[in-house]
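As a plain string of letters, each chain reads:
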Amino acid sequence: MQDRFESVLEAHAARYPAMMPQDYGKLAYQHVFGPEHLVKDAQAVDRLLQEEWETLRLDPDGVFRAEPIGNGLCRLHLAGPWDPTAGKLLGELFCRTAREHSGTAAELAERLELLQSCPVPGMRDWLADYRAAGCPAVHHSEPFRKAYHPHYRVLAADYAHYFPALLALHRQLAEKGRIVVAVDGRCGSGKSGFGRLLERLFDCNVVHMDDFYLPIAARPENWTEIPGGNMDLSRFREEVLLPARRGETIFYRPFDCRSQTLLDAQPLPSRPLTVVEGSYSHHPELAGKYDLKLFLTCSREEQTRRLQAREGTYYQTFETCWIPAEERYLRSFDIENGDVLRLDTTAFFLE
């Protein structure tokens, strides 16, 4: 943990050369405690956020930038003019982060020891005064405010990184009441993890495309040359997509690769949000069945690192079979472009 905080310090020192000792202290405090000291009243959180946001002069086309501060946390910088929908979601995630995250005085003491060795003028004197005051929450220094105009909220890293996608989901649900969303992307890009995140945040069903492989005996002889030739898209459409769009209970039979058989049907009650997670979910045969399409990607180097860590000795099969097949599918149908919200997750899990 200390090593990761040292990396955070180095990154912030390079990005914000006007940082003063108290700005480093604020970084250490947020790294340990997150926003818990700021959340006493959810309504006050929303009001203060709106009041702050409405005073900003931000680029209307700006994006919400997630800045890692370590310990599973990010600063999510506000972007664009005041947006009630974005504000409501941001307030909810801010309060949720405060409930879920915790830190200790001992952890803060460790981070302050690291600050002791930072070559920042006045750091030792500031730390002595700060410790004597009992290490309270810290404001940014005036030089930092003038130089960088900081306006952000501290969120759990997943909430901050995926905020554009969560906001798009939030908007669609508010508008339509019931939606079906597809999350496609490169293997290792975080599709399954994003599905689990949505299960935590929304009243939803998550369906995995891995449950809809075709039995080997039922695949075309040249299936490896057909983009999506290993998938039972017809069964997926009938058992999942159409019932989900009608607001009906979903009954689907997961395919078991080992036995090459369909397992017993799993009932999924109708919910406001149905999430389809996995490669080939954006296949043209399923066109027109989704309210929102998300595409996750990452660099080839990061994909290799993640898959090697996840798959171990089985990674070679991905290298020689599954990745080439997936890339053929993506190229054949231009899946990565078009009417999709694209997220590059390369830096999401790095601190």
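Since the structure is predicted, the reported quantities are computational estimates derived from the model, not experimental observations. (Residues numbered from 1 in each chain as written. Predicted model: local features only at pLDDT ≥ 70, side-chain atom pairs only at ≥ 80, totals over all residues. Heavy atoms only, no water.)

Our next topic: helix H9 (residues 163–176). Here H9 contains 14 residues, and its C-alpha end-to-end distance of 20 Å stays within 8% of the 20 Å for a straight helix at 1.5 Å per residue. Every buried residue of H9 is listed here: Phe163, Ala165, Leu166, Leu167, Ala168, Leu169, His170, Gln172 and Leu173. Trailing H9 by a residue or two, Gly177 shows a phi angle of about 85°, which is positive. (Helix = DSSP H or I, 4+ residues; strand = E, 2+ residues; numbered from the N terminus. Expected span 1.5 Å × (residues − 1). Buried < 20%, exposed > 50% of the residue type's maximum accessible area, 1.4 Å probe, protein only.)

Glancing now at the packing of helix H2 (residues 21–33) against helix H6 (residues 123–132). Here H2 crosses H6 at 55°, and the two axes come no closer than 9 Å. Taken as axis vectors, H2 and H6 run oblique relative to one another. As for how H2 packs across H6, the hand of that crossing is right-handed. Across from Pro21, Gln22, Tyr24, Gly25 and Tyr29 in H2, the residues of H6 making contact are Met123, Trp126 and Tyr130. (Axes fitted to C-alpha atoms, helices over the stretch in contact; angles between N-to-C directions. Parallel < 35°, antiparallel > 145°, perpendicular 65-115°, else oblique. Left-handed = near helix turned anticlockwise from the far one by under 90°. Contact = heavy atoms within 4.5 Å.)

This part takes up the side chain of Thr274. Relative to the assigned elements, Thr274 resides in strand S10 (residues 273–277). Under the relative-accessibility criterion, Thr274 is labelled buried at 3%. Apart from the residues within four sequence positions on either side, Thr274 is in contact with Ile179, Val180, Val181, Asn205, Ala244 and Ile250.

So, about the pairing of strand S2 (residues 73–77). Among the five residues of S2, five are classified as buried, and the element is accordingly described as predominantly covered. Burial along S2 is two-sided: Leu73, Arg75 and His77 and Cys74 and Leu76, pointing in opposite directions, are all buried. The antiparallel pairing of strand S1 (residues 65–70) with S2 creates a hairpin that spans two residues between the two strands, and Asn71 there sits at a positive phi of about 60°. In the sheet, S2 pairs with strand S3 (residues 152–156) via five bridges, with the strands oriented antiparallel. Considered in S3, the bridge of His77 is made with Tyr152. (Pairing = 2+ DSSP bridges.)

A few words on the packing of helix H3 (residues 42–54) against helix H4 (residues 84–100). Between H3 and H4, the shortest axis-to-axis distance is 10 Å and the interhelical angle comes to 130°. Comparing the axis directions of H3 and H4 gives the class oblique. When the axes of H3 and H4 are compared, the crossing they make is right-handed. For the pair H3 and H4, the contacting residues are Ala42, Val45, Asp46, Leu49 and Trp53 in the first and Ala86, Gly87, Leu90, Gly91, Phe94 and Cys95 in the second. Here the residues of the contact of H3 with H4 sort into eight nonpolar, two polar and one charged. (Nonpolar A, V, L, I, M, F, W, Y, C, P; charged D, E, K, R; others polar.)

A word on the environment of Lys293. Among the structural elements, Lys293 can be located in strand S11 (residues 292–297). For Lys293, a relative accessible area of 27% corresponds to the partly exposed category. Separated by 202 residues in sequence, Lys293 and Gly91 have C-alpha atoms that sit 25 Å apart.

What follows is about the side chain of His12. The topology assignment puts His12 in helix H1 (residues 2–15). Ignoring anything within four residues of it in the chain, the contact list for His12 reads Met19, Leu27, Glu67, Pro68, Ile69 and Arg75.

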